[in-house]
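A look at the structure
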Amino acid sequence: MNEVVIKDNSFLRQFETKVDGHLAKIEYSSQERKVFLTKLVIPEEITDEGFKEGFIKAVLHEIQDKNLRVVPTSPQIAGFLRKNRQYKEMLPVGIRI
């Protein structure tokens, strides 16, 4: 799995990356220095098992670099954060997953 290159498409409010011509995206909304990750869309043509995890990690690092908090409203992303506790400090105070 190569390094995932993320583009923050703020017009469409989504983090996106292309894999073999297919667009994978995580839709978001932002409010008061928090990024709400609302939907994960990975085309079925992307069959690499490790892609989803690498994509989510890359998006979380992008958010972390901007010094923002993350609120996972997508069940898939919340599940990822539950399994990867090292991202727990990115959650706003009072948010538990």
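Residues numbered from 1 in each chain as written. Predicted model: local features only at pLDDT ≥ 70, side-chain atom pairs only at ≥ 80, totals over all residues. Heavy atoms only, no water.

Turning our eyes to something else, we now look at the UniProt feature "domain: N-acetyltransferase" (unreviewed entry) in the protein chain. Taken from the UniProt record, the annotation "domain: N-acetyltransferase" (unreviewed entry) applies to residues 7-92. In the segment residues 7-92, helix accounts for 28% and strand for 36%; the C-alpha atoms at its two ends are 24 Å apart. (UniProt positions renumbered as here; feature names shortened; annotations may be inferred. Helix = DSSP H or I, 4+ residues; strand = E, 2+ residues; numbered from the N terminus.)

Before going further, it helps to spend a moment on the environment of Lys-18. Within the secondary structure, Lys-18 is located in strand E2 (residues 14-19). Each C-alpha atom of the pair Lys-18 and Glu-89 lies 29 Å from the other, and the pair is 71 residues apart in sequence.

Turning our attention to helix H1 (residues 51-65). With 15 residues, H1 should cover 21 Å at 1.5 Å per step; its first-to-last C-alpha distance of 21 Å lies within 8% of that length. Every buried residue belonging to H1 is among Phe-51, Phe-55, Ile-56, Ala-58, Val-59, Leu-60 and Ile-63, and all of these are buried. Looking at the packing, one finds that the buried side of H1 touches E2, strand E3 (22-31), strand E4 (34-41), strand E5 (69-72) and helix H2 (75-83). Asn-67, located one to two residues past H1, shows a positive phi value of around 60°. (Expected span 1.5 Å × (residues − 1). Buried < 20%, exposed > 50% of the residue type's maximum accessible area, 1.4 Å probe, protein only. Contact = heavy atoms within 4.5 Å.)

Tracing the backbone through its elements, the reader meets Thr-17 in strand E2. Within the local environment of Thr-17, its side chain forms a polar contact with the backbone oxygen of Val-5, the two atoms lying 2.8 Å apart. Setting aside anything within four residues of it in sequence, one finds Thr-17 in contact with Val-4, Val-5, Ile-6, His-22, Leu-23, Ala-24, Phe-51 and Phe-55. (Polar contact = N/O pair within 3.5 Å; in protein donor to acceptor, adjacent residues only side chain to side chain.)

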